[in-house]
Amino acid sequence: MYIDKQNYINKIEERDDELIKNRTKCTEHNQILAHIREKMHHTDEVIDFTEGDLGDAEIEFLKAREELGQVKNHRDRLRWSLEAERLKAGLLTRKDLLRDYQDATDEVK
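Residues numbered from 1 in each chain as written. Predicted model: local features only at pLDDT ≥ 70, side-chain atom pairs only at ≥ 80, totals over all residues. Heavy atoms only, no water.

### Focus: the overall build of the protein chain
Okay, so step 1: Summing up its helical and strand segments, the protein chain has two helices and zero strands in all.
Okay, so step 2: Against the globule reference of 13 Å for 109 residues, the protein chain gives a C-alpha radius of gyration of 45 Å, more extended than a compact globule.
Okay, so step 3: With the C-alpha coordinates aligned to their principal axes, the bounding extent of the protein chain is approximately 150 × 25 × 10 Å.
Okay, so step 4: Counting over 109 residues, the protein chain shows a buried share of 0%.
Okay, so step 5: Approximately 10800 Å² of the protein chain is accessible, and the part contributed by carbon and sulfur atoms is 57%.
Okay, so step 6: Here the protein chain contributes 20 positive and 26 negative side-chain charges, whose respective centroids are spaced 4 Å apart. (Helix = DSSP H or I, 4+ residues; strand = E, 2+ residues; numbered from the N terminus. Rg over C-alpha atoms; globule rule 2.2 N^0.38 Å. Buried < 20%, exposed > 50% of the residue type's maximum accessible area, 1.4 Å probe, protein only. Areas by Shrake-Rupley, 256 points an atom, 1.4 Å probe, with all protein chains shown as cover. Lys, Arg positive; Asp, Glu negative; His and termini not counted. Charge placed at Lys NZ, Arg CZ, Asp CG, Glu CD.)

Printed below as a string of structure tokens:
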């Protein structure tokens, strides 16, 4: 009986050691999980701020695109008015033809 008692005491000590190891592992894992949770919350905040910045950038982009369209329309109107003025001016915009015309009139004189 004494030997059985010693065997049981040894088994209990071994199991206590295993329990201590398991509790240590559980504590470590809980700390790791807590760290991961903190990191996750921080990452969520960073994502929220970044999404806000993205929304601002998209609004700015749309405004710039709209402004670009307006500038292009203005440029096209200026081109058309310039072309209309060139047509009205006739030969006055063609310096080479004016020189030839002047040379021809000078020769006739």
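From this point, the narrative continues.
### Overview of a nonpolar patch on the surface
Okay, so step 1: There is a patch of nonpolar side chains on the surface, built from Leu91, Leu92, Leu97 and Leu98 and spanning about 360 Å² of accessible area.
Okay, so step 2: Residue position: Leu98 is located in helix α2 (residues 95-108). (Patch = residues over 30% accessible without salt bridge, like charges linked within 9 Å, V, L, I, M, F, W, Y side chains within 5 Å. Salt bridge = Lys/Arg side-chain N within 4 Å of Asp/Glu carboxyl O.)

### Here's the deal with the pattern of salt bridges
Okay, so step 1: The full count for this structure, using the stated rule, is three salt bridges.
Okay, so step 2: Residues Arg75 and Asp76 are paired through a salt bridge, measuring 3.5 Å at the closest nitrogen-oxygen approach.
Okay, so step 3: Note that Lys88 and Glu85 form a salt bridge whose closest N and O atoms lie 3.6 Å from each other. With Lys88 and Glu85 both in helix α1 (residues 2-89) and three residues apart, this pair spans about one turn of that helix.
Okay, so step 4: We classify Lys88 as exposed; its relative accessible area is 67%.
Okay, so step 5: Look at Glu85 and you get partly exposed, because its relative accessible area is 46%.

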